[in-house]
Amino acid sequence: MAKKIVKLHDKYFKKYISSKNIAKTIKKLAKNVEADLPKGEVPIFIGILNGSFMFAADFIRNYKGNCEISFVKLASYEGTKSVGKVKKLVGINESLKGRIVIILEDIIDTGNTLEEIYEMFREHHVKQLKIVTLFFKPDVFRKGLPIDYIGKSIPDKFIVGYGLDYDNLGRNLKDIYQLTSIKMKNIVLFGPPGAGKGTQATKLKEKYNLVHISTGDVFRYNIKNKTELGILAKGFMDKGDLVPDEVTINMLKDEVNKNFNAQGFIFDGFPRTESQAKALDEFLAEKGEKINGMVALEVDEDLLVTRLLKRGETSGRPDDQDEVKIRNRFNEYETKTAILKDYFEAQNKYYGVDGVGSIDEITARLSIVFDKL
Ligand code: AMP
């Protein structure tokens, strides 16, 4: 199944016209073009690169009669004289004299390119020049030039896919996608150690198609692999202390950058200090994104100690196995992290959720908030 939403560079696009629908449109176009040509005529189709390469390929596959296919590319050059930008046709080698030439365009919007095409083919003394476009934007078309065949008229919204690009990306998508204003869903999953953040994040990331970043997991991975970061973090973690902000923030930024084509993030175990929270806000703002909300699992501390000791029997985590270390983690939480509730509350972004119950019950409670964000 093709994705409903794709991200290209900094923008989101939602699925708009399916490949099936495109195929149907092209089949009809090819049939109509063929029906209008004199019997026995061998037209020469000319695809306008780059955008029309897929359309041209599918179009001629649907065209039953004999035909030729060629491509041209319109390149813009900075003129040396006052004429400014000059467009030049690249790639017409064959003689078009006396032929029926049929242009295959992926999309016609303002008509500027179309105007160039008419202009350039004028010199070639063709018998007839016809224009076929897969997509047409009537609302922005400003020229009185004829377009012989239109696959689909669409509103003036930016589209990509099926050969069309956004800054060179997206041409390989089978379907057509339309620009959408959707932003990332970035959620801080909050709560004291043992509140169930990791368990819930695993379920929610699937459900909402988000990338889960657990700073604790990243540190543990680095410790296991004896990286520089791991060696640095180990001493702090083993005692149940927080790893210094600078180290943690840089690591977090790396993780976000690595996954920036995601639809959003669940931050689990980050931020844990006010300066981490500020750094995260700034970092996301630079990218035109933000935290949508802090969703906190609220669980009583005594219940948490019991849970953590139990987890320590199987997790292999040194910081889960000793009540002194666990209490220290709570102390760190109370003194440095709990204040983040106020930080997010001040931005109207704090959502407390009862963290006691079955895993599924809690996922359901969290989902109500996630849906809203
Ligand atoms: P966790 O798996 O979230 O319970 O984290 C385990 C340990 O990793 C913590 O006790 C800290 O030592 C370290 N750690 C995880 N996240 C952070 C953070 N945001 N800031 C500082 N230290 C962290």
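Computed from a prediction, not measured in an experiment: that's the story for all the values here.

A look at helix α10 (residues 323-337)
Here is step 1 of the chain: Here α10 is 15 residues long and its end C-alpha atoms lie 20 Å apart, about the 21 Å a rise of 1.5 Å per residue gives.
Here is step 2 of the chain: Listing the buried residues of α10 in full gives I326, R329, F330, E332, Y333 and T337. Around the axis of α10, the buried residues are gathered within 155 degrees of arc, so they sit on the same side.
Here is step 3 of the chain: Tucked into the core, α10 has its buried residues touching β11 (185-190), α9 (301-315) and α11 (340-345).
Here is step 4 of the chain: N-capping of α10 is provided by D322, with a side-chain oxygen placed 2.8 Å from the backbone N of V324.

Things to note about the pattern of salt bridges
Here is step 1 of the chain: According to the stated counting rule, one finds 24 salt bridges in the structure shown.
Here is step 2 of the chain: The closest approach of N and O atoms between D241 and K239, which form a salt bridge, is 3.8 Å.
Here is step 3 of the chain: R317 is the partner of D320 in a salt bridge, and the nearest nitrogen-oxygen pair spans 3.9 Å.
Here is step 4 of the chain: Look at R317 and you get buried, because its relative accessible area is 15%.
Here is step 5 of the chain: It is possible to trace a salt-bridge network through shared partners that takes in R311, R317, D319, D320 and R329.

Things to note about a nonpolar patch on the surface
Here is step 1 of the chain: The grouping of L49, F53, I69 and F71 at the surface amounts to a nonpolar patch, some 280 Å² of accessible area in total.
Here is step 2 of the chain: The residue I69 is located in strand β4 (residues 68-78) in this model.

A word on the packing of aromatic side chains
Here is step 1 of the chain: One pass over the full model with this rule turns up 11 aromatic pairs.
Here is step 2 of the chain: Taking the centre distance of 5.1 Å and the plane angle of 65 degrees together, the rings of F45 and F59 count as edge-to-face. You can see F45 sitting in strand β3 (residues 44-49) and its partner F59 sitting in helix α2 (residues 53-62), a full 14 residues away along the chain.
Here is step 3 of the chain: The rings of F45, F55, F59 and Y63 are connected pair by pair, giving a single aromatic cluster.

Quick notes on the domain arrangement of the chain
Here is step 1 of the chain: As assigned here, the chain comprises domain 1 (5-180) and domain 2 (185-372).
Here is step 2 of the chain: Placing a centre on the C-alpha atoms of domain 1 and another on those of domain 2 gives a separation of 50 Å.

What counts and what doesn't
- Residues numbered from 1 in each chain as written.
- Predicted model: local features only at pLDDT ≥ 70, side-chain atom pairs only at ≥ 80, totals over all residues.
- Heavy atoms only, no water.
- Helix = DSSP H or I, 4+ residues; strand = E, 2+ residues; numbered from the N terminus.
- Expected span 1.5 Å × (residues − 1).
- Buried < 20%, exposed > 50% of the residue type's maximum accessible area, 1.4 Å probe, protein only.
- Arc of directions from axis to C-beta.
- Contact = heavy atoms within 4.5 Å.
- Polar contact = N/O pair within 3.5 Å; in protein donor to acceptor, adjacent residues only side chain to side chain.
- Salt bridge = Lys/Arg side-chain N within 4 Å of Asp/Glu carboxyl O.
- Patch = residues over 30% accessible without salt bridge, like charges linked within 9 Å, V, L, I, M, F, W, Y side chains within 5 Å.
- Areas by Shrake-Rupley, 256 points an atom, 1.4 Å probe, with all protein chains shown as cover.
- Phe/Tyr/Trp six-rings, centres within 6.5 Å; stacked < 30°, edge-to-face > 60°.
- Domains from an automatic or database assignment.

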